[in-house]
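# Structural characterization, general
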Amino acid sequence: DLDEYKTLINTFCPNNEVKRAAVTSMYSGLRWCDASTLRGWQVKEKTLKIKQSKTGEYVDVPLHPVARLLIGKIDDPKALVFKLPTSNNGANDILRNWVKEAKIDKYITWHCLRHSVSDIMQSAGVHVQTVAAFLGQTTVKYLLSTYTKRVRQRDTVHAIEVMPDYTTDQDFDMQSLLQQLSEVS
């Protein structure tokens, strides 16, 4: 939900590094393992060079301007970009408290941030293959089975709204159609 996104970003978090990394992840789909090990040399002007843990392949993740600003100037290419807790459990504890402070009644982990990126992109009409590529997925299979459930449910109302509505069209005679149908019955 975009309102919750904005609320969370605008809510104070007691750990600035977790907030900086989490919001960067909210704009890039970074996994915890990517954010916690991100080094200066991986940050390019408009992309992040991320080695996918599952495939060992490097992917270039486009950087949203918000994420670029949060990452800031890189002085040491070998240094970690974010100074995060040593475990995702520690970061998730901070994240959950931050979410609670924002009065968002949801169980949120770092991985949920990645789901949110997928949901927002798909809700905006970004093709599922493009979203999969953005998130570094090699196929859409996992994305379709995992990330789209909430989007599909949310989009059912929108889906029916894209169907043509001829009831207000002067060339469409709804009364005639209804009469024809009642004669057939």
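Residues numbered from 1 in each chain as written. Predicted model: local features only at pLDDT ≥ 70, side-chain atom pairs only at ≥ 80, totals over all residues. Heavy atoms only, no water.

## Quick look at the overall build of the chain
Broken down by element type, the chain carries ten helices and two strands. Across the 185 residues in the chain, those meeting the buried criterion constitute 35%. Here the contacts in the chain between residues at least 6 apart in sequence split such that 56% fall between residues at least 24 apart. With the model as given, the accessible surface of the chain reaches about 11,800 Å², and the carbon-plus-sulfur share is 55%. (Helix = DSSP H or I, 4+ residues; strand = E, 2+ residues; numbered from the N terminus. Buried < 20%, exposed > 50% of the residue type's maximum accessible area, 1.4 Å probe, protein only. Contact = heavy atoms within 4.5 Å. Areas by Shrake-Rupley, 256 points an atom, 1.4 Å probe, with all protein chains shown as cover.)

## Comments concerning the packing of aromatic side chains
With the rule as written, the count across this model stands at three aromatic pairs. Judged by centre distance (6.3 Å) and plane angle (65°), the ring pair of W41 and Y58 falls under edge-to-face. Placement of the pair is W41 in the loop between helix 3 (32-35) and strand 1 (47-51) and Y58 in strand 2 (residues 58-62), with a sequence separation of 17 residues. (Phe/Tyr/Trp six-rings, centres within 6.5 Å; stacked < 30°, edge-to-face > 60°.)

## Structural notes on the pattern of salt bridges
What the rule picks out here adds up to six salt bridges. In this structure, the salt-bridge partner of D60 is K49, at a minimum N-O distance of 3.0 Å. Taken together, the residues D60 in strand 2 and K49 in strand 1 connect sequence positions eleven residues apart. Residue K49 is classed as partly exposed on the basis of its relative accessible area of 25%. (Salt bridge = Lys/Arg side-chain N within 4 Å of Asp/Glu carboxyl O.)

## A look at the pairing of strand 1
Looking along a regular strand, one sees the side chains alternate between the two faces of the sheet. Of the two faces of strand 1, only one is covered, namely that formed by L48 and I50; the face formed by T47, K49 and K51 stays uncovered. One ladder, built from five bridges, connects strand 1 with strand 2; its direction is antiparallel. Directly across from I50, in strand 2, lies its bridge partner V59. (Pairing = 2+ DSSP bridges.)

## Considering the nonpolar core
Counting 36 residues, the largest nonpolar core has L38, L48 and W110 as its most contacted members. Those elements giving two or more residues to this core turn out to be helix 1 (2-10), helix 2 (16-26), helix 3, strand 1, helix 4 (65-71), helix 5 (88-101), helix 6 (110-123) and helix 7 (128-134). Setting aside its immediate chain neighbours within four residues, L48 contacts L30, L38, Q42, V43, V59, D60, V61, L63 and I71. (Core = buried A, V, L, I, M, F, W, Y, C linked by side-chain atoms within 4.5 Å.)

## Some remarks on the side chain of R31
The residue R31 is located in the loop between helix 2 and helix 3 in this model. On the basis of relative accessibility, which here comes to 13%, the residue R31 falls in the buried class. In this structure R31 touches Q52, W110, R114, L135 and Q137, once residues within four positions along its chain are discounted.

## Here's the deal with helix 6
Under the 1.5 Å per step criterion, the end-to-end length of helix 6 is 20 Å for 14 residues, consistent within 8% with the ideal 20 Å. Those residues of helix 6 that sit buried are W110, L113, R114, H115, V117, S118, D119 and Q122. Among the residues trailing helix 6, G125 stands out with phi positive, at a value near 95°. (Expected span 1.5 Å × (residues − 1).)

## A closer look at helix 2
Here helix 2 lies mainly inside the structure; nine of its eleven residues are buried. For helix 2, the complete set of buried residues consists of V18, K19, R20, A21, A22, V23, T24, S25 and M26. Elements in contact with the buried residues of helix 2: helix 1, helix 3, helix 4, helix 5 and helix 6. Its side-chain oxygen placed 3.0 Å from the backbone nitrogen of E17, N15 serves as the N-cap of helix 2. (Polar contact = N/O pair within 3.5 Å; in protein donor to acceptor, adjacent residues only side chain to side chain.)

## Description of the packing of helix 2 against helix 6
Packing of helix 2 against helix 6 leaves a shortest axis separation of 8 Å and a crossing angle of 30°. As the angle between them shows, helix 2 and helix 6 are arranged roughly parallel. Of the residues in helix 6, those in contact with V18, A21, A22, S25 and M26 of helix 2 are W110, L113 and V117. Looking at the contact of helix 2 with helix 6 residue by residue, the class counts come to seven nonpolar, one polar and no charged. (Axes fitted to C-alpha atoms, helices over the stretch in contact; angles between N-to-C directions. Parallel < 35°, antiparallel > 145°, perpendicular 65-115°, else oblique. Nonpolar A, V, L, I, M, F, W, Y, C, P; charged D, E, K, R; others polar.)

Coordinates in, geometry out; function isn't part of it.
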